[in-house]
Amino acid sequence: MKGPRSSSRLREVNLELGMPFADQAIKRLTFEIHHSRAMACTVLKIIHGYGSSGKGGKIRTESRKYLTRLKRQGEIRDFVKGEQFSIFEEATRQAFARCEELRRDHDLDRYNNGVTFILL
């Protein structure tokens, strides 16, 4: 019999792929959240960039606004911003309890504000 941790799964999706407008990226994010749930994933890591060109970051901003709404509505458990994805952050430690694979993610303690981890 499988325990609760053995079913933990981490997926990664690049929302920047194809350089979509923010509204298109949010539609894809909605699809990927539902798809990840259907696959019994516990965490979805999204790559949204951070606007390194000096005029971007719209996908990041809109994604995080959207995730805040989903969390408030109970549609997702929580999310951890890449810049807060650290062993010193309580939210990250709670995420480890849901998905052991996160301990091996290359963005751990790198303060990467171009990614976000969604706890489903």
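Conventions used here
- Here the residue index of a chain counts from 1 through its sequence in written order.
- With the structure being a predicted model, the display of local features is reserved for residues of pLDDT at least 70 and the display and counting of side-chain atom pairs for 80 or more, all residues being used for whole-chain, interface and lining totals.
- With hydrogens and water excluded, all non-hydrogen atoms of the structure serve as input to the side-chain values.
- Think of it this way: any DSSP run of H or I at least four residues long counts as a helix, any run of E at least two long counts as a strand, and we number them from the N terminus.
- Burial classes follow relative accessibility: with a 1.4 Å probe on protein chains only, a residue under 20% of its type's maximum area counts as buried, one over 50% as exposed, and anything between as partly exposed.
- We call a pair of cysteine sulfur atoms a disulfide when they lie within 2.5 Å.
- Between Lys or Arg on one side and Asp or Glu on the other, a salt bridge is scored when a side-chain nitrogen of the former is within 4 Å of a carboxyl oxygen of the latter.
- Here, strands pair whenever DSSP counts at least two bridges between them.
- Axis definition: a line fitted to C-alpha atoms, limited for helices to the stretch in contact. Angles are taken between N-to-C directions and run from 0 to 180 degrees.
- Should any heavy atoms of two residues lie within 4.5 Å, those residues are counted as being in contact.

Enquirer: Outline the overall build of the protein, listing residues and values.
Expert: For the protein, the helix and strand inventory stands at 3 helices and 4 strands. Counting all 120 residues of the protein, 40% fall into the buried class.

Enquirer: Lay out the state of the cysteines with the relevant residues and their values.
Expert: As enumerated under the stated definition, the model contains 0 disulfides in all. Summary of cysteine pairing: Cys41 is not part of a disulfide, and the nearest cysteine sulfur, belonging to Cys99, is at 8.5 Å. For Cys99, a relative accessible area of 0% gives the class buried.

Enquirer: Would you mind going over the pattern of salt bridges in detail, with residue names and values included?
Expert: Taken as a whole and judged by the stated rule, the model has 11 salt bridges. For the salt bridge of Arg103 with Glu100, the shortest nitrogen-to-oxygen distance reads 2.8 Å. Using a relative accessible area of 46% as the deciding quantity, one classes Arg103 as partly exposed. Assessed through its relative accessible area of 31%, Glu100 is described here as partly exposed. It is possible to trace a salt-bridge network through shared partners that takes in Glu12, Lys45, Asp105 and Asp107.

Enquirer: Explain the sheet that holds strand E1 (residues 10–14) residue by residue, including any values.
Expert: Hydrogen bonds along the backbone pair up the strands of a sheet, which may run parallel or antiparallel. Pairing within the open sheet is mixed, and its 4 strands lie in the order E1-E2-E4-E3. Sheet topology places E1 and strand E3 (78–81) at the edges, where each strand pairs with a single neighbour. Ignoring which end each strand starts from, the neighbouring axes of this sheet average 20° apart. Pairing of E3 with strand E4 (residues 115–119), which is carried by 4 bridges, proceeds in the antiparallel orientation. Bridged to Phe79 within E4 is Ile118. Sheet strands in contact with helix H1 (residues 22–38) are E1, strand E2 (43–47) and E4, and its direction is about 165° off that of E1.

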